[in-house]
Amino acid sequence: MPVSTPLPACRRRVPVSIERPIPLSPSLHWPAPTVATEIPPDRGPVLVTVEDTIDPARAREFGAEAVARGRRAAAARGPA
């Protein structure tokens, strides 16, 4: 079951010792997708970003609502 808030045991920082740098480049292990027709540049997958501006006096209330929304969404998906 997904956990939407960190547990106290998970909040501890654990130092990580790395002997060599971690490669951060994409693995590219999936082949390019096959499409039936060419997709025009103004069509296809998009990324939508929503940015809200809230009253600082209501920040605590807004955060609680966001957590509640996440919990409702997780409950709707059911157990993992």
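Small disclaimer: the values here were computed from a predicted structure and weren't measured.

Parameters and conventions
Residues numbered from 1 in each chain as written. Predicted model: local features only at pLDDT ≥ 70, side-chain atom pairs only at ≥ 80, totals over all residues. Heavy atoms only, no water. Helix = DSSP H or I, 4+ residues; strand = E, 2+ residues; numbered from the N terminus. Buried < 20%, exposed > 50% of the residue type's maximum accessible area, 1.4 Å probe, protein only. Areas by Shrake-Rupley, 256 points an atom, 1.4 Å probe, with all protein chains shown as cover. Salt bridge = Lys/Arg side-chain N within 4 Å of Asp/Glu carboxyl O. Patch = residues over 30% accessible without salt bridge, like charges linked within 9 Å, V, L, I, M, F, W, Y side chains within 5 Å. Expected span 1.5 Å × (residues − 1). Contact = heavy atoms within 4.5 Å.

Engineer: Teacher, can you tell me more about the overall build of the protein here?
Structural biologist: Counting its regular elements, the protein contains one helix and zero strands. Each of the 80 residues in the protein was classed as buried or not, and the buried ones make up 1%. Entry remark: accessible area of the protein is about 8500 Å², with carbon and sulfur atoms responsible for 61%.

Engineer: Looking at this model, I keep getting lost on the pattern of salt bridges. Mind explaining?
Structural biologist: Opposite charge on two side chains makes pairing possible when the charged atoms of those side chains draw close. The full count for this structure, using the stated rule, is one salt bridge. Here Arg43 and Asp42 are joined by a salt bridge, their closest N and O atoms 3.8 Å apart.

Engineer: Sorry if this is basic, but what is going on with a nonpolar patch on the surface here?
Structural biologist: The grouping of Ile18, Ile22 and Leu24 at the surface amounts to a nonpolar patch, some 360 Å² of accessible area in total. Residue class for Ile18 comes out partly exposed when judged on its relative accessible area of 48%.

Engineer: Looking at this structure, I do not really get helix 1 (residues 59–77). What am I missing?
Structural biologist: Count 3.6 residues to each turn of an α-helix, and residues three or four apart come out pointing the same way. Across its 19 residues, helix 1 extends 27 Å between first and last C-alpha, which sits within 8% of the 27 Å expected from 1.5 Å per residue. One or two steps after helix 1, the chain reaches Gly78, where phi turns positive at roughly 90°.

Engineer: Help me understand the environment of Phe62, please; the structure alone is not making it clear to me.
Structural biologist: Note that Phe62 resides in helix 1. Taking the relative accessible area as the measure of exposure, Phe62 reaches 33% and is therefore partly exposed. With residues up to four places along the chain from it excluded, the contact list for Phe62 reads Asp52 and Ile54.

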